[in-house]
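Listed below, chain by chain, are the residues.
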Amino acid sequence: MSWGETLSFQNDREGKSLFDTKSNSKKIEKVLKKIHSETISSSYQESISDVRPQAVCSFDVNEKFVKGLGLKKVSEAQFEGSLFYLRANDYIDDVVTQILLNAYEVETKRIYDNNNASQVSRSLGHDNWAKVRDLFLRFESGYLQRNCYDEAYRLFHSDLGKIIRFSESALRDIFIEVRSQNLISDRVYEKLERARLSSLHLKNLGLKDYLKKKKNLRNQYPLSVESERSDFVTKLNGAGLSHRQQLLLQYNEMQIILMSGLIKKLRARLESDRIEIIIYDEAGVAAEVIPLDPMERFRFSLKLLRKEMSQLGLNSQFNGRAPTYMDLIAASFETGLIAGSELNELGGLEEIWNPKKTFWDKASFWVRSFSSVATVLIPPPYGFIPVLALVAIEATMQGKDTTIDDGSLF
């Protein structure tokens, strides 16, 4: 998709939605009794039509979408039911669904009247307060005029932090005083306060950002089978996000590509039927060649993967953020290196996810089952599953003792 083409957020990677629950299904059933399914789909299509990709905004999409539903007042349950209907029919994916839900939550956030001006300006000093006042005066005409609501608030919040240090409670007091001095209108105050209450500055993935990431990844790594999807990437992690949500929220396109590259190299090493240690004499001639057996090749490859992951954390592209093993798997699926069928098989393997088994219980199962991992011909979709299994095992055993003494080199 080029920057000039028609917008589309159609699902092309995700299988079973994390929003596919009984309660959400009931919301869909209820809303379809009030609003025809064609009205929902056409309203959504209209909300993203004639919008430039570089200007797409979740708050604008929601506003047009709600208006197009044709009801005088759309309740929260009706909005959610309509959105879940779109997701259930693959008009959008879970990432877009969550972005639109977040935007709706911000716009409908209840705020409370607070007229107790705290005279924060006195503690800030004249010069700092003048700079703060200038930011507020430019919020609507500058920040909001040129950016989506969430982007505008993130920029505003960041610029304010460059002038003064503040806690969220102190920020509330600043908003109140600025409003009491009539520097901003009630409408702008409400927007700022809703953003503050929703911690909007922390919601870093908007529709425009997501569209840009997806476009760049698809251009560099076109999907060979566009309809192939995975249930695995929509499973929730410990942070309350799906693996794919976390990937696209935390990493940019270049980071995703670099992480995917580690799995590609791991795969090549594990598929090799010969890894050797060569010892050279003083003359630089190979004096001894020590071949590694299948288990040693696995351990050697895994040690290299750990080292490369650590190096990624030090890479300037990652700004000190170290990726997890699950991030690597999700990145590899996003770039098409891993097939959806392989990931789905991986998700159902009890030997991996059983917490009672030790690291080497799990690893040995796979190495011994497939002899040298991928040197035996394994019919698809199972060819790459042993490799993924080993990476997933490492993910489940992080922080635990994985040492073993069985006479192996690695």
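For the structure, see preceding data.
Since we're looking at a predicted model, the values are computed, not measured. (Residues numbered from 1 in each chain as written. Predicted model: local features only at pLDDT ≥ 70, side-chain atom pairs only at ≥ 80, totals over all residues. Heavy atoms only, no water.)

> I'm lost on the pattern of salt bridges in this one. Help?
Opposite charge on two side chains makes pairing possible when the charged atoms of those side chains draw close. Following the criterion strictly, the structure yields 26 salt bridges and no others. Measuring nitrogen to oxygen at the nearest pair gives 3.2 Å for the salt bridge that ties Asp12 to Arg218. Residue Asp12 is found in the segment before helix 1 (22–34), and its partner Arg218 is found in helix 12 (residues 207–220); the two are separated by 206 residues along the sequence. Of the charged contacts, one joins Glu276 and Arg274 as a salt bridge, the two residues approaching to 3.8 Å between their closest N and O atoms. Judged by relative accessible area, Arg274 falls into the exposed class, the value being 59%. Three or more residues are tied together by salt bridges with common partners; here these are Asp12, Glu14, Arg87, Asp90, Asp93, Asp94, Lys214, Arg218, Arg229, Arg244 and Glu334. (Salt bridge = Lys/Arg side-chain N within 4 Å of Asp/Glu carboxyl O. Helix = DSSP H or I, 4+ residues; strand = E, 2+ residues; numbered from the N terminus. Buried < 20%, exposed > 50% of the residue type's maximum accessible area, 1.4 Å probe, protein only.)

> Would you mind going over the state of the cysteines with me for this structure?
In a disulfide, the sulfur atoms of two cysteines are covalently bonded to one another. Per the stated rule, a full pass over the model turns up one disulfide. Linked covalently through their sulfurs, Cys57 and Cys148 form a disulfide whose S-S length is 1.9 Å. Looking down the S-S bond of the Cys57 and Cys148 bridge, the torsion is 60°, so its handedness is right-handed. Of this pair, Cys57 sits in the loop between helix 2 (37–48) and helix 3 (58–68) while Cys148 sits in the loop between helix 8 (139–146) and helix 9 (149–163), placing them 91 residues apart in sequence. Taking the relative accessible area as the measure of exposure, Cys57 reaches 5% and is therefore buried. (Disulfide = S-S within 2.5 Å.)

> I'm lost on the pairing of strand 1 (residues 276–280) in this one. Help?
Side-chain positions along a regular strand alternate between the two faces of the sheet. Two strands pair when backbone bridges link them, and strand 1 and strand 2 (residues 286–291) are joined in this way by five bridges, in the antiparallel orientation. What sits directly across from Ile279, in strand 2, is Glu288. Taking the residues between adjacent antiparallel strands as the criterion, strand 1 and strand 2 are bridged by five residues, where Gly284 takes a positive phi near 85°. (Pairing = 2+ DSSP bridges.)

> Explain the environment of Leu32 to me, please; I cannot follow it from the model alone.
Within the secondary structure layout, Leu32 lies in helix 1. In this structure Leu32 comes out as partly exposed when scored by relative accessible area, which is 35%. Along the chain, Leu32 and Gln78 lie 46 residues apart, while their C-alpha atoms are 9.0 Å from each other. Non-local contacts of Leu32, meaning those with residues more than four positions away in its chain, are made with Ser37, Ile40 and Tyr85. (Contact = heavy atoms within 4.5 Å.)

> What should I look at first to understand the packing of aromatic side chains in this one?
What describes a pair of aromatic rings is the distance from one ring centre to the other and the angle between the planes of the rings. For the coordinates displayed, the defined rule picks out 12 aromatic pairs. Here the aromatic rings of Tyr143 and Phe156 are separated by 5.8 Å at their centres, their planes lie at 90°, and the arrangement is edge-to-face. Linking Tyr143 in helix 8 with Phe156 in helix 9, this pair joins segments that are 13 residues apart in sequence. The exposure class of Tyr143 is buried, given its relative accessible area of 6%. Taking the relative accessible area as the measure of exposure, Phe156 reaches 1% and is therefore buried. (Phe/Tyr/Trp six-rings, centres within 6.5 Å; stacked < 30°, edge-to-face > 60°.)

> Hey, could you run me through the side chain of His243 in this one?
With respect to the secondary-structure elements, His243 resides in helix 13 (residues 243–250). Overall, His243 belongs to the buried group, its relative accessible area being 12%.

> How should the nonpolar core be read in this particular structure?
The biggest cluster of nonpolar side chains holds 60 residues, and the ones touching the most others in it are Phe9 and Met259. Met259 has contacts with Leu247, Tyr251, Leu312, Phe318, Pro323, Asp327, Leu328 and Ala331, leaving out every residue within four places of it along the chain. Phe136, Phe156, Leu171 and Tyr189 belong to the second largest nonpolar core, which has 32 residues in total. (Core = buried A, V, L, I, M, F, W, Y, C linked by side-chain atoms within 4.5 Å.)

> How do you make sense of the packing of helix 2 against helix 4 (residues 76–88) when you look at a structure like this?
How two helices sit against one another is set out by the angle between their axes and by the gap between those axes. Running from amino to carboxyl end, helix 2 crosses helix 4 at an angle of 85°, the nearest separation of the two axes being 10 Å. For the element pair helix 2 / helix 4, the angle class is roughly perpendicular. Packed against helix 2, whose contacting residues are Ser37, Ile40, Ser41 and Tyr44, the element helix 4 presents Ser82, Tyr85 and Leu86 at the interface. Residues belonging to the contact of helix 2 with helix 4 are distributed by class as follows: four nonpolar, three polar and no charged. (Axes fitted to C-alpha atoms, helices over the stretch in contact; angles between N-to-C directions. Parallel < 35°, antiparallel > 145°, perpendicular 65-115°, else oblique. Nonpolar A, V, L, I, M, F, W, Y, C, P; charged D, E, K, R; others polar.)

Functional significance is not addressed by these values, which are geometric in nature.
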